[in-house]
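# Architecture and fold: a report
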Amino acid sequence: MENNINPFKDEYWVPRGTKKILTYFGPHLKNNLNPQEVKNFAKKKGAWGLIWSYDRDYTDRGHWYHVVCDTPDFEASMIKSKNARHNIRRSLKRCQFRQIDYPWLAENGYDVYVQAASRYKNFQKESKSEFYQNVIRHADTPGSEAFGIFTEDKLIAYVTLFITEKNVRGDVARFDPNYSNCYPMFALYYSVANHYLKDGNYNEVDCGTKPLLHETNIGDFLTQIGYRKTYCRFGLYWSPTARLGLSFLRTFKIIFKLILPARHYSILEGLLLTQDLAKDTKPK
């Protein structure tokens with residue numbers, strides 16, 4: 001069976017970290033992409049690499065997954081964990097969930113971003129002007145939406161999203177750890193799923209993949225509040241020059257570990273991991 005969509009629409013591909021590496025955010029792909037079409041598209045976009053997922057739910061465990069909520073008419077009573085339901089109710093009492101526009105977020109979201117960045121090792125913080133430019137560029141992008149969590153009219157968490165067809169794809173989520181006692185991420189992730197699946201009659205909210213650069217507990221957290229892990233295959237294209245460079249980096253990986261700053265070495269490990277994931281999830 002062939003994919004019954006055109007996966008090479010420009011709006012389906014989003015830069016991640018650098019404009020030279022694009023990630024697919026479009027409708028689900030049953031089959032892998034055609035190698036020649038992938039190569040042509042990468043050349044057209046001037047990209048060094050393309051990353052996508054396909055053949056979701058092909059196994060019940062594996063090396064690569066997305067974390068999604070696809071329960072029709074999703075609401076708190078459907079969540080199995082009593083503790084999760086309690087934390088959601090507590091969060092919704094302490095916080096307010098509101099849709100926000102990108103110009104407002106660009107002007108008012110930097111403090112949350114800075115506080116969120118303080119939780120990560122080797123995180124290179126953007127300047128206020130860089131943050132503004134990175135957020136504002138989504139303002140006129142079709143299908144871009146954002147929501148915030150507020151307490152006493154103060155923004156303490158936010159998420160940015162891409163809407164394609166009847167599917168919602170999470171982009172970035174941040175929260176200020178100084179307000180952890182408000183449990184803002186419970187209200188944020190629950191309310192997004194409830195808003196789109198129950199009120200909006202969408203098919204799915206996809207809050208991202210297994211992390212490439214660092215392990216987090218976000219996947220386990222989301223499964224507690226009604227999301228699930230859908231295991232899929234990892235699609236990958238690197239240009240010939242990029243493949244050659246990665247081969248060199250892999251050969252001298254031990255040396256680079258000694259000479260590179262920790263953040264840069266972490267990025268190197270993430271790039272090499274893409275090749276391992278594509279190999280590990282390739283159909284036998």
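Here's a quick rundown of the structure. (Residues numbered from 1 in each chain as written. Predicted model: local features only at pLDDT ≥ 70, side-chain atom pairs only at ≥ 80, totals over all residues. Heavy atoms only, no water.)

### Here we look at the sheet that holds strand β5 (residues 96–100)
Taken in spatial order, the 7 strands make up an open sheet running β5-β6-β7-β8-β9-β4-β10, and their pairing is mixed. Lying at the two open borders of the sheet, with one neighbouring strand each, are β5 and β10 (228–231). With direction set aside, neighbouring strand axes in the sheet form an average angle of 35 degrees. Pairing of strand β6 (residues 144–151) with strand β7 (residues 154–164), which is carried by 8 bridges, proceeds in the antiparallel orientation. When the bridges of β7 are listed, S144 appears paired with F162. (Pairing = 2+ DSSP bridges. Helix = DSSP H or I, 4+ residues; strand = E, 2+ residues; numbered from the N terminus. Axes fitted to C-alpha atoms, helices over the stretch in contact; angles between N-to-C directions.)

### A look at the sheet that holds strand β2 (residues 18–24)
Spatial strand order, β1-β2-β3-β11: 4 strands in an open sheet with mixed pairing. The open sheet has two free edges, formed respectively by β1 (13–16) and β11 (233–238), since each of these has just one partner strand. Ignoring which end each strand starts from, the neighbouring axes of this sheet average 25 degrees apart. This element, helix α10 (residues 262–280), spans β2, β3 (49–54) and β11 of the sheet and lies at about 125 degrees to β11. (Contact = heavy atoms within 4.5 Å.)

### Description of a nonpolar patch on the surface
A contiguous nonpolar surface patch, about 680 Å² in accessible area, is contributed by F248, F252, I254, I255, L258 and I259. Broken down by element, the nonpolar patch gets its largest block of residues, 4 residues, from helix α9 (residues 253–259). By the secondary structure assignment, I259 is in helix α9. According to the relative accessible area criterion, I259 is exposed, its value standing at 57%. (Patch = residues over 30% accessible without salt bridge, like charges linked within 9 Å, V, L, I, M, F, W, Y side chains within 5 Å. Areas by Shrake-Rupley, 256 points an atom, 1.4 Å probe, with all protein chains shown as cover. Salt bridge = Lys/Arg side-chain N within 4 Å of Asp/Glu carboxyl O. Buried < 20%, exposed > 50% of the residue type's maximum accessible area, 1.4 Å probe, protein only.)

### Concerning the packing of helix α2 (residues 82–94) against helix α6 (residues 184–199)
Running from N to C, α2 and α6 point in directions that differ by 100 degrees, and their axes come no closer than 8 Å. In terms of their interaxial angle, α2 and α6 are classed as roughly perpendicular. Contacts from A84, N87, I88, S91 and L92 of α2 reach α6 at P184, F186, A187, Y190 and S191. Partitioning the contact of α2 with α6 into residue classes produces 7 nonpolar, 3 polar and no charged. (Parallel < 35°, antiparallel > 145°, perpendicular 65-115°, else oblique. Nonpolar A, V, L, I, M, F, W, Y, C, P; charged D, E, K, R; others polar.)

### Points about the packing of aromatic side chains
Overall, the coordinates contain 23 aromatic pairs when judged by the stated rule. Note on W13 and W52: the rings are 6.4 Å apart at their centroids and 75 degrees apart in plane angle, and the pair reads as edge-to-face. Remark: W52 occurs in strand β3 and W13 occurs in strand β1; sequence separation between them is 39 residues. Across the pair, exposure class does not vary: W13 and W52 are buried alike. By way of ring pairs, the aromatic residues F8, Y12, W13, Y24, F41 and W52 are connected into one cluster. Lying across the ring of F150, R98 places its NZ or CZ 4.3 Å from the centre. Between the NZ or CZ atom of R233 and the centre of the ring of Y58, over which it lies, the distance is 3.9 Å. (Phe/Tyr/Trp six-rings, centres within 6.5 Å; stacked < 30°, edge-to-face > 60°. Lys NZ or Arg CZ within 6 Å of the ring centre and 35° of its normal.)

### Some thoughts on helix α4 (residues 110–117)
Residues of α4 that are buried include every one of Y110, V112, Y113, A116 and A117, and no others. Buried residues along α4 cover an arc of 160 degrees about the axis, so they all sit on one side. The inward-facing, buried residues of α4 contact α3 (102–108), α5 (128–136), β7 and β8 (167–175). (Arc of directions from axis to C-beta.)

### Overview of the nonpolar core
Within the largest apolar cluster, 35 residues are counted, with the highest numbers of intra-cluster contacts made by Y196, I225 and Y227. Contributions of two or more residues to this core are made by β4 (65–69), α2, β6, β7, β8, α6 and α7 (218–224). Residues within four places of I225 in sequence aside, it is in contact with F74, I79, A84, I88, F186, Y189 and Y190. One finds F41, A42, A47 and Y54 within the second-largest nonpolar core, a separate group that totals 15 residues. (Core = buried A, V, L, I, M, F, W, Y, C linked by side-chain atoms within 4.5 Å.)

### Some thoughts on the pairing of β11
Most of β11 sits out of view: 5 of its 6 residues are buried. Bridge analysis of β3 against β11 gives 6 bridges, and the strand direction is antiparallel. In the strand pairing of β11, L50 is matched with Y237.

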